[in-house]
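Each chain, letter by letter, is given below.
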Amino acid sequence: MAKAVKSPAVMDVPELVVRLHAPGMTPLLRAGAGGLASSLRSLLLRETPGATWPAPVPLGPGSATAEPTSIRLSWGGKPPAETLEVLFRESFRIRESPGVIDLPGAYAPGAPPRPEVAAALQDALKLTFLQHGKSTTKEGVPKVLTFSVDERELRLEVQGYSGFVHQGAWKDVVEALTRGTVTLAGWAYPGAAERHIGLRVTKMEYSAAEALCACFAPVGCLSYKVPQARGGALVALAPSDLVRFAELRPSLTPQRLEEASVAGASDAVLAVQLALRMESRRRQHRVLDTAEAFTLRTLPWASQQKSRSGVLHSSTVPEAVLDRYETAARELPNRLRVLLPKDKGGKGKASASQGPAGFFVASSALRAFITENLAAGQPWFKDFATAAVTLDNKRRFIHHYRAQDNLGALFPEERKGLIAMLKHLEDAEQTLVESVHVALRQRFGAIAEESRGNPVARKNRWNAERDRWRLAFSGAKTFEQVRAALADLWSRAGGNRALQERWKQVLPLLRQEHWRAARDLALVALASYQGQGIEAPEAADEEGPLSEAQ
């Protein structure tokens, strides 16, 4: 049985003031202060619908008052434990059905996420703040939750919990009030650890205000799943105004199942910045100072836990970058891939009418590539020729379409997103891509004419032509090889109107200092090429948000 925490004498404990810009307030702790403010607002509106925010929030014998840069907690002449226990009980709850973790400060009062979304958000928390098994207490065996998407019934296995560590963490805050500081486990600050075991100066110790912020960080931060990395992503939102942030925070919580997953830390932070841009236009007030995002995944030297594998800091993102990201996010959305059950013999897939199907969320490798470049302030196509991801234990290249017998990473439906991104190229870059498109169209037209009456030969020759130029450009390792490959394609294709009219724009890209960009753009042109008539992509390339796994 846990030992009771002795409350200090009431007269010895002054009110607790959380200051947003106090020394030691890292982005994650400032996000926790925002989460505390959002939880207080939720509690106020639940208890007093129609109340004006900000206003003092009753917490048992005490109360809390939020201001733009601070939050003040008073104890009402009673031990702090009585006030803090009420605050934590109302802020960290378990949803009765299907038994998932409930953070009221993360959504609008009376409008919790749908059960399947709540389960996905819980999974994200288990990959970030609650990754250690001891941080949660399971309740029974997993339950099956059924729901519908696009008139298709799906099933999701959900592990219910009877409690989690944050519910009793008010005792740690009381200890900090008593002793001055307290040591918290890894759930308080994911990725942080004692640098030198036994050397006290490198320990993670918290004052009472810092401990309170660390406890509310899951509310102020956004946790996501990262399917490709088999880990999670965390975005710490450091507010500039706690009162306004409390109003904004519920609108940032994902409302759809696909939105609970991201392609990486860059995708996560840009998604938040895009949402904030929309809100700032409506509110005409800046709410966020900075956002810090990092991924958490298992690394070879620490297989027992998920460690930080990349950190990204973001303050003000240029409008042009957010425009490019908006296009990528719209045209390359996460997709639900349906897993059809096996037939009775276990050899093939059963029909979709046999009952609810399992699924998984697939994120786009191309979207991850684009967002990493955008977040780094680079052209969205940079290193398109060499970028690769590890899928199915294979290193697959972004510039190539995926098939069973190759090392491509792109799915056919991602061509639409690549075409949409072409409008974000500079004039010279667009001219180079257009000239390659014209050359390819003329080459494929010539092949079609030569193979008239033999569709099998025509298709084989088209595929061989694509592979020929893909290998020519991706295999080019020098300035001379890139120029030679482009010149070879243009000369074989014949007259090229795009080059004839705007050849001066292309010349700078053919110089030695830009040969890598020219190589990337040539492969972008090849991957985004879309023929017409019999040469057009098959109708199967177009998919909705729900599709069967291949």
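Quick notes on the rules
- Residues numbered from 1 in each chain as written.
- Predicted model: local features only at pLDDT ≥ 70, side-chain atom pairs only at ≥ 80, totals over all residues.
- Heavy atoms only, no water.
- Salt bridge = Lys/Arg side-chain N within 4 Å of Asp/Glu carboxyl O.
- Buried < 20%, exposed > 50% of the residue type's maximum accessible area, 1.4 Å probe, protein only.
- Pairing = 2+ DSSP bridges.
- Helix = DSSP H or I, 4+ residues; strand = E, 2+ residues; numbered from the N terminus.
- Axes fitted to C-alpha atoms, helices over the stretch in contact; angles between N-to-C directions.
- Expected span 1.5 Å × (residues − 1).
- Arc of directions from axis to C-beta.
- Contact = heavy atoms within 4.5 Å.
- Disulfide = S-S within 2.5 Å.

Enquirer: I would appreciate a short explanation of the pattern of salt bridges in the present structure.
Expert: It is possible for side chains of opposite charge to pair when their charged atoms get near one another. Summed over all chains, the structure comprises 29 salt bridges. A salt bridge links Arg256 to Glu258; its shortest N-O distance comes to 2.8 Å. Residue Arg256 is classed as partly exposed on the basis of its relative accessible area of 39%. A cluster of three or more residues bridged by salt bridges with shared partners is formed by Arg46, Glu85, Arg89 and Glu90.

Enquirer: How do you make sense of the sheet that holds strand 21 (residues 408–410) when you look at a structure like this?
Expert: Neighbouring strands of a sheet are bound in pairs by backbone hydrogen bonds; such pairs are parallel or else antiparallel. Pairing is mixed in the open sheet, where 3 strands are placed in the order 19-20-21. Looking at strand neighbours, the two that pair on one side only are strand 19 (388–391) and strand 21, the edges of this open sheet. Strand-to-strand, the axes of this sheet are offset by a mean angle of 55 degrees, without reference to chain direction. As paired strands, strand 19 and strand 20 (residues 394–401) are joined by 4 bridges and run antiparallel to one another. Directly across from Thr390, in strand 20, lies its bridge partner Arg395.

Enquirer: Explain helix 13 (residues 455–474) here, please?
Expert: Residues that lie three or four places apart on an α-helix share one face, since the helix turns once every 3.6 residues. Between its first and last C-alpha atoms helix 13 spans 28 Å; for 20 residues at 1.5 Å apiece the expected length is 28 Å, and the two agree. For helix 13, every residue scored as buried is listed here: Arg458, Trp462, Glu465, Trp469, Arg470, Phe473 and Ser474. The buried residues of helix 13 all sit within an arc of 145 degrees when viewed along its axis, so they share a single face. Opposite its buried face, helix 13 presents the exposed residues Val456 and Leu471, each directed more than 90 degrees away. Buried residues along helix 13 sit in contact with strand 20, helix 12 (427–450), helix 14 (479–493) and helix 16 (515–528).

Enquirer: I would appreciate a short explanation of the environment of Ile398 in the present structure.
Expert: The residue Ile398 is located in strand 20 in this model. A residue is classified by how much of its surface remains accessible, and Ile398, at 1% relative accessible area, is buried. Sequence spacing of Ile398 and Leu523 is 125 residues, and the spatial spacing of their C-alpha atoms is 9.9 Å.

Enquirer: Hey, could you run me through the state of the cysteines in this one?
Expert: Simply put, the disulfide is a covalent bond whose two ends are the sulfur atoms of two cysteines. One pass over the structure, following the stated rule, counts 0 disulfides. Between Cys213, a cysteine without a disulfide, and Cys215, which holds the nearest cysteine sulfur, the sulfur-to-sulfur distance is 9.2 Å. Owing to a relative accessible area of 0%, Cys213 belongs among the buried residues under this scheme.

Functional significance is not addressed by these values, which are geometric in nature.
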